Amino acid sequence: MTTTSRRTALRLGTAFTALLGLGGTAAAQEPPLLPVSPVTALRPDILMTGAINRDGVDLSGDWTYSKDLYQTGKTDILGWAAAPRAQRFRDVNVEAEEGKNKYTFFEYDMDRGPHMTLPGAWNAAEPELRYYDGLIWFQRFFESGPLNGQRAFLRFEAVNYLTEVYVNGQKVGSHEGGFTPFTFEVTKVLREGKNQITLGVDSTHGEHTVPPKVTDWDIYGGVTRPIRLIRTPATYIDDFYIRYTEAGRILATVQLNGPDAAGKPVVLTIAALKLKATATTDISGQAQFDLKAPKALKLWTPDAPTLYEAGLTAGEDTLTDRMGFRTIAVKGMQVLLNGQPVFLRGICLHEEEFGSNPARRIMTETARALLTEVKTGLNGNFVRLSHYPHSEVTTRLCDEMGLLVWSEIPVYWAVGFGDAKTFDVARRMMTENVLRDRNRASIIIWSVGNETPSTPARNHFMGTLADDARAMDPSRLISAALLVHKKKVDGVLEATIDDPLVAKLDIMSANTYTAWYGNDRLEDVPPQRWKAPVSKPLIFSEFGADALAGYHPDDRRKYSEEFQADFYRATLANADTVPFLAGLSPWILKDFQTPRREHPVYQKGWNRKGLLSETGVRKQAFAVLSDYYRAKAGK
Ligand code: GCB
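The structure presented is a predicted model; accordingly, all values stated were derived computationally and were not measured.

**So, the domain arrangement of the protein**
By domain assignment, the protein separates into domain 1 (3-42), domain 2 (52-230), domain 3 (247-326) and domain 4 (338-633). Relative placement of domain 3 and domain 4: their C-alpha centres are 33 Å apart. The interface is formed by 12 residues belonging to domain 3 together with 19 residues belonging to domain 4. Taking both partners together, domain 3 and domain 4 bury about 1100 Å²; carbon and sulfur atoms supply 49% of that area. It is Trp300, Pro302 and Arg326 in domain 3 that bury the most area against domain 4; as a group they hold 51% of the surface buried on that side. The interface formed by domain 3 and domain 4 contains 2 salt bridges. Ionic pairing is found between Arg396 and Asp321, a salt bridge with its closest N-O pair at 2.8 Å. One can count 8 residue pairs in polar contact (both at pLDDT 80 or more) joining domain 3 with domain 4. Across the side of domain 3 that touches domain 4, the residue classes break down as 7 nonpolar, 2 polar and 3 charged.

Written as structure tokens, this is what we have:
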């Protein structure tokens, strides 16, 4: 057994081992590869790119909720339609109805239910919800004035995982996926005055979901990012994609939505650069710009993250965005930022704020606290936002603070690679992620997944995701965190990246835990040899060791701060020997919650591979990495 297979089998059990083909049965009959529809067909009808910069009514705050583990609000016994007395989304005043007739009864009442502050995952809200994994209904009321010809939309920045949305008792849409935004038009269902909104949020993951049921992070069910009611003119700017090219041009594509979308002038301005241009939309409502970048343009870099306010106007609709301009490319074994080689001094991050009871509630200040530790504390220039799209607040802050970003979708471990439903969900997620964030200068890499077994079905699945990302955004690089095969040759470890998916990637990335998982020792790490069949840059996308902050036994054993620091020293020494290494993103900035980690002394529900404890206490390894990056940066 190779080191990879031993470690993987240890962590994931026999199902994954069979998937890897190690059980000896999987390879016999390969099912046909899944058909691929055009990526344009997966685009949501309404995107509302940049919605975060539009005015709106924030529905954050107090909501009532009702737990529904057996989904009685959706279906009754034997699969019948749910009984009205259990349908939480109805537009009725339960208490008033009960008062009208002594034979009327309900098995819910949202108005008299318990309260929860949204956004924020439910596991942090109440002890009884700590590990709740299922359906919860949420409800609140909001006011709306007359629309006067405008359109109204509900914008959800993220809800985990499957969401049904009802307004005044009518279903307005549903969405699958816990980390990308979605928007439903509610123009026709809104009432003047008081309106009711009900959400059915189901956190359950299973054989068709992305990610799959077992991951190494917390459930974090519920509404984790803001919900807003947004109004626009009848024809509005639904999407825009503005980028800078190596030829020194600014290209922009703007998509209008509405009855007057075709043949409409769109004005693009960047006042600080004295740039103003007009293009007219085609029959599909799309306008294209191809402009020479003004000489005064300062390119965005992590050291000087210059942002410009770009303005778009189409009829009555206007939208602004703060944007940076830069190029990113790969040449041979190097990554080039604005034509110059760059070494990615990074770290991985989960979407989890500091504190002993995090709720994945990422606001500007909670995100800034994490990113400041990367930028200033670690002397970093790069974050891997693992393993799913993080809040737009975070990616925008990376633009502002000067941090390069790896953005990923949770195609993680054993997702259903041969399953058409899973394929569709993953491709939609990739689409929603790329279309949300392709105006962010900070983002340089789209990752199509993490630690997945190489099979024909998986190569097709993830290869298609790579093609999709490139089709929607040819201006960024594609990668994936790969498993590596390790074996000892003449007593020295040899790590080989022989994954066929590499053909679809610009950057190879490897997760390497030599001397943490498996039987290798710290002294095996520095001489480890890295081999790849192609000449592309490599990132160590993960390496790490658990350490409990404050634990200092004399023998520097596992779980001690000393072991973690020694592990970092050994892996960094190894990194220095790899000529095609273009960057690092060790695992991980901060200890994070996960039901997979239950050692009663050291873990207690936390993965302890953070360089910081959950409350932000720096462990010894923090300084090891910080010093290494300072030297790399030439500071
Ligand atoms: C990995 C996974 C990450 C885990 C980490 C660990 O390779 O990508 O999600 O949390 O290892 O701690 O084992």
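Picking up after the structure, the text goes on.
**Structural notes on the packing of aromatic side chains**
A full pass over the atoms with the stated rule returns 30 aromatic pairs. Taking the centre distance of 6.4 Å and the plane angle of 45° together, the rings of Tyr65 and Phe138 count as tilted. One end of the pair, Tyr65, is in strand β2 (residues 61-67); the other, Phe138, is in strand β4 (residues 135-144), and 73 residues separate them in sequence. Tyr65 sits in the buried class, given a relative accessible area of 4%. Ring geometry for Phe417 against Phe461: centres 5.0 Å apart, planes inclined by 90°, an arrangement best described as edge-to-face. Residue Phe417 is located in the loop between β25 (404-408) and α5 (420-437), and its partner Phe461 is located in helix α6 (residues 456-472); the two are separated by 44 residues in the primary sequence. Phe461 carries the same exposure label as Phe417, and that label is buried.

What counts as what
Residues numbered from 1 in each chain as written. Predicted model: local features only at pLDDT ≥ 70, side-chain atom pairs only at ≥ 80, totals over all residues. Heavy atoms only, no water. Domains from an automatic or database assignment. Contact = heavy atoms within 4.5 Å. Buried area = accessible area lost by both parts, 1.4 Å probe. Salt bridge = Lys/Arg side-chain N within 4 Å of Asp/Glu carboxyl O. Polar contact = N/O pair within 3.5 Å; in protein donor to acceptor, adjacent residues only side chain to side chain. Nonpolar A, V, L, I, M, F, W, Y, C, P; charged D, E, K, R; others polar. Phe/Tyr/Trp six-rings, centres within 6.5 Å; stacked < 30°, edge-to-face > 60°. Helix = DSSP H or I, 4+ residues; strand = E, 2+ residues; numbered from the N terminus. Buried < 20%, exposed > 50% of the residue type's maximum accessible area, 1.4 Å probe, protein only.

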